[in-house]
Amino acid sequence: MTWEPVIGLEIHVQLKTRTKMFCRCPVGFGAAENTQTCPVCLGFPGALPVPNSTAIEWVVRLGLALGCEIAPRAVFARKNYFYPDLPKGYQISQYDLPSCINGRVLVPLPNGDHAVGIVRAHLEEDAAKNVHVGGRTGRIGGADYTLVDYNRGGTPLVEIVTAPDIHSAEEAKRFLQLLRQTIVELGISDAEMEKGTLRVDANVSVRPEGSDELRTRCEIKNMNSFTHIARGIEAEVERQVAVWESGGEVEQHTYDFDVATGTLTPRRAKEEADDYRYFPEPDLLPVEPSAALVEQLRAGLPELPAERIRRVGETLDHERALVLVTGGLDALWRDTVAAGAEAVAASNVIANQLVGAGVDPGGVDPAELAKLVEARERIPRQAFDEAIARVAEPGFSAAPYLAREAVSDAAALEPIVDAILAANPAQVEQYRGGKEGLLGFFVGKVMKETKGQADARAVNELVRTKLNVDV
Amino acid sequence: MSAAVDTLRLTAEDALGLVERREVSPAELHGAYLEAIGERDGELHCYLRTVAEAEGTSIPIALKDVISTRGVETTAGSRILSGYVPVFDSTVAARCKAAGLTLLGKTNTDEFAMGSSTENSAFGPSRNPWDPSRVPGGSGGGTAAAVSAGLAPWGLGSDTGGSIKQPSALCGNVGLRPTYGTVSRYGIVAFASSLDQVGPVAKTVRDVALLYRIIAGRDAADSTTVELPSAVELPSAERLEGLRVGVPRQAMALEAIEPGVRAAFEAALELVEELGAEVGECDLPLSFDYGLPCYYLIAPAEASSNLARYDGVRYGRRSEGESYREMVEGSRDEGFGDEPKRRIMLGTYALSAGYYDAYYGQAQKVRTLIVREHASAFEKFDVLATPTSPTVAFPLGDRTADPLAMYACDLLTIPSCVAGLPGLNVPCGFSEGLPVGLQLIGPQFGENALFRAGHALERALGLDLVPARLRA
Amino acid sequence: MAITAEQVLHVARLARLDLTDDEVERLTGELGAILDAVSKVSELDLSDVPPTSHPLDLVNVWADDAPHDSLPLEDVLRNAPASERGLFRVPPTG
Ligand SMILES: [Zn+2]
């Protein structure tokens, strides 16, 4: 039997507002522990929450970008449970009346668009940070005691819940790349998994291909990169398929993905079932964004990455389009092409050389870059690399690099080519026996010998001629 | 100089005059009250702690111990907050400071303001200055008893279901529970957020209006506050022509109302009519049938969540434990008294899976009906009147064994609290030598009408509200 | 409307109250009586009535995203039962 994975994602995005969700403590990394706290985010008796207007606007912006309906009335609720990182004994979170519902994201895939439903996107406050100290392993179970830093507590979070519309680890990864780029371009979050400003949990089940049943699902947490998410999902799918195929039954459970070993570890079951006793937060009033505000925010949306992948995909292949757009590189590519560069070559230079050199695409003058793309095979390799490394510097000009003519004079190159062919008789034999892929081997040797100063096209030509003619 | 100040009879308004005319300094006045506290508070136990230094340029004030005061221990009458010293002022405390008022001390309260007698205070009950064998009411019994015993010119209480109005009735002074949202709750140790309101307690209606003027108005730190739609007016009229007073039939039908209370209330109503007001009957059937059950679902539910922050982590009492969970459970079990535990349990149950719709959800719908019912009563009347408490002050220990009997103390004050409406207690006579209070209920933001009616009634009655046993 | 001792224990666990056996027994009786009284609200058919979670008819009260001063660390920890290096210290959560 073939099995189809059924995957839904729960994504938490930390907003980069200046202040917290319900108090005006600054949000930011790097401050000394507990120095970005106040009576509100420490849960001192009598302190009261006041919502951050920017966070409320941003969740609407995000909802609009995800094709959601914006709720005319959203209500904050209290989710009640005890943990040291939760200073009030409850987390304030939108619950049955979230700000955004019923969205749909069209994820461009090589074989066309794939729709992923957005069940909801809502606002909530982040928990503080527990530091477990002592114990043999340093893990929670073995700790001697716990220290609490409330700096992060109360940071605005948006939780996005997708429908179980994703059917492979690869699709999940593509969806997340697109979502992340959308969030970054809206300017509402850095959305960096390594920093924890983007967190993803996956709900995974499998079913026989072609059926529409929903079988028991398991949750995977603690995955800190898109690659780990894909690996975690793959591991879980494999595990569930094995359980079903051996005649077993998948049981609902939560797993942590262990990055080091690539394995899933079941979380310890709680002593009592979750009963969060949600009720409307009486310290806060409903959020009722006016139609005018929603329309104003809608009008202010930039062109979204998904649309741009489709548009760029009309010129380039899908994979190149995806890399450019989700890397935030497509604007530079478009301008470089407009300045005269060939589309595929520009895409390769930007997505490979430029990114590889760690260049900030925002600082690049497309006209100068276009000149480099056009001349990339004509000028010495070394000159090209140097130019790319400096292309984002203010006032960069391609001219001096273009002037560094490569050695293309056959008289200068011929002795070097001859010497290399003579030094590698076995390879010459193989080439002549039909292994034409060895051409690059000889060209590489010549380039090395000339320290990158030779014109690659000229060397190519010369090596080919010599190998084919001197039989 | 302080010997010349008769704290038993001095109104806040008169005290303000003395200070303004520099006949008495703020420090002398403060000292005079501390002296009175030294004489009488041993017996009455109105204060949990006093403040020796007079910091301010005006007259003193007593604050209920649920009101956070920077640098001054604030316990809400609970062991779990014993030793807790706020690092910030509540907005009302800050506004009192800004007005120059000097903090006399923090007054006793039922634990977390849960109770109707102050017998639930972890630090022992307060006593009624009219008869120390009786309760002063609650939860704000400390403030009310202090004002009546001349231990403070005025004070602030907090009212969730009657905690300002009922003790004022039992001690014989004036107490206002303001319209929900007109006074900031920032820094008030929360009991039930959608019901809690801070309000003044004083000897006269004008004093109450003066203090309300100081504390009322929008606070950026409390999202649920509004600016007053019209300024606070100090009442001066002695007649009530044009005022329409409604008496809810269903309130007066309650058998729980003692005959002496009923008689004093009815006599006062006749006086109101003589002053020119029009008195008629109105109907609030659901409010009096379902108000109490509705309140005893909503308030404990919110309380169960509001009291979750007392976990021994950041402040307050901690009991040692091997694990975090053990520590939290131990701290809460040792730190909370019986009444908070009862309400936490009740509220947790009412919110828990499977019961929400039947209890909390249903109570919120009942609340809608109570709001509507009051709104329609105010189409015909400017104010409503009932007795404040069905009984006069009862002996200590009388109701402690039966939670439901204690809850019934607030039978008459609860419905308008649930509707978020203002209520004013005005002393209206005596029964068995103990004060009886009349409750005036106004529409939303109708405080000025309450002040006007209360002031005229107060003048016409001319009661001597100094406890008989303390009169010189 | 009876509530069982078992339910009382479950609710006490949710509320993190480590009740003694005596307390469980007493609360089982008391809560039963109180629930009996408050269950009166379910007599009413309120399917068409919207809930009131707030007596104020007010929406959209927000604050600008402009930072205020946080508390000095000394104040943050002033009431802490236990702290270490500027952090609150609690027994292990495991
Ligand atoms: Zn804060």
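A brief report on the enclosed structure follows. Nothing here was measured: the structure is a model prediction, and the numbers come from that model.

**Side note on the coordination of the zinc ion**
Residues and elements named next belong to chain A. Protein ligation of the zinc ion involves Cys23 (SG), Cys25 (SG), Cys38 (SG) and Cys41 (SG), the donor distances falling in the range 2.3 Å. Every donor counted, the 4 donor atoms about the zinc ion form angles of 99 to 115° at the centre, which fits tetrahedral coordination. If you list the donors of the zinc ion from N- to C-terminus, the spacing comes out as C-x1-C-x12-C-x2-C.

**Quick notes on the interface of chain C and chain A**
Facing the 33 residues of chain C at the interface are 46 residues of chain A. When chain C packs against chain A, the two sides together hide about 3,700 Å² of surface, and 61% of this comes from carbon and sulfur. The three residues of chain C that bury the most area against chain A are Leu14(C), Trp62(C) and Asp65(C), which together make up 20% of that side's buried surface. Put simply, chain C and chain A have 0 salt bridges between them. Inspection of the chain C/chain A interface yields 16 residue pairs in polar contact (both at pLDDT 80 or more). Sorting the residues of the side of chain C that touches chain A by element identifies helix H1 (5–14), helix H3 (73–77) and strand E2 (87–90) of chain C as the ones contributing at least two each. At 4 residues, E2(C) tops the list of elements feeding residues into the side of chain C that touches chain A. The residue inventory of the side of chain C that touches chain A, partitioned by class, reads 17 nonpolar, 8 polar and 8 charged.

**Points about the sheet that holds strand E5 (residues 174–177) of chain B**
Residue and element names in this part refer to chain B. Taken in spatial order, the 11 strands of this open sheet run E1-E3-E2-E4-E6-E5-E10-E11-E9-E7-E8, and their pairing is mixed. The strands lining the two open edges of the sheet, one partner per strand, are strand E1 (47–50) and strand E8 (278–282). The sheet shows a mean angle of 30° between the axes of neighbouring strands, taken without regard to direction. In terms of strand pairing, strand E7 (residues 244–248) meets strand E9 (residues 383–387) through 2 bridges, oriented parallel. Its bridge partner being in E9, glycine 246 is matched across the sheet by leucine 384. Along the sheet, helix H2 (residues 26–44) contacts E1, strand E2 (60–64) and strand E3 (102–107); its crossing angle with E3, the most-contacted strand, is approximately 20°. Contacting E2, strand E4 (154–159), E5, strand E6 (197–202) and strand E10 (423–431), helix H6 (residues 205–215) runs over the sheet at an angle of about 145° to E6.

**Overview of the sheet that holds strand E1 (residues 83–84) of chain C**
Think of a sheet as strands paired side by side through backbone hydrogen bonds, with each pair either parallel or antiparallel. Taken together, the 4 strands give an open sheet; going across it, the order is E7(A)-E8(A)-E2(C)-E1(C), and neighbouring strands pair in antiparallel fashion. Here the strands that pair on one side only, and so sit at the sheet edges, are strand E7 (129–133) of chain A together with E1 of chain C. In the sheet, E1(C) pairs with E2(C) via 2 bridges, with the strands oriented antiparallel. Looking at the pairing, Ser83(C) lines up with Phe88(C) of E2(C).

Rules and cut-offs
Residues numbered from 1 in each chain as written. Chains lettered and ligands numbered in written order. Predicted model: local features only at pLDDT ≥ 70, side-chain atom pairs only at ≥ 80, totals over all residues. Heavy atoms only, no water. Donors = N, O, S within 2.8 Å, 3.2 Å for Na, K, Ca; no water. Tetrahedral: all angles 85-135°; square planar, octahedral: opposite > 155°, others 65-115°. Contact = heavy atoms within 4.5 Å. Buried area = accessible area lost by both parts, 1.4 Å probe. Salt bridge = Lys/Arg side-chain N within 4 Å of Asp/Glu carboxyl O. Polar contact = N/O pair within 3.5 Å; in protein donor to acceptor, adjacent residues only side chain to side chain. Helix = DSSP H or I, 4+ residues; strand = E, 2+ residues; numbered from the N terminus. Nonpolar A, V, L, I, M, F, W, Y, C, P; charged D, E, K, R; others polar. Pairing = 2+ DSSP bridges. Axes fitted to C-alpha atoms, helices over the stretch in contact; angles between N-to-C directions.

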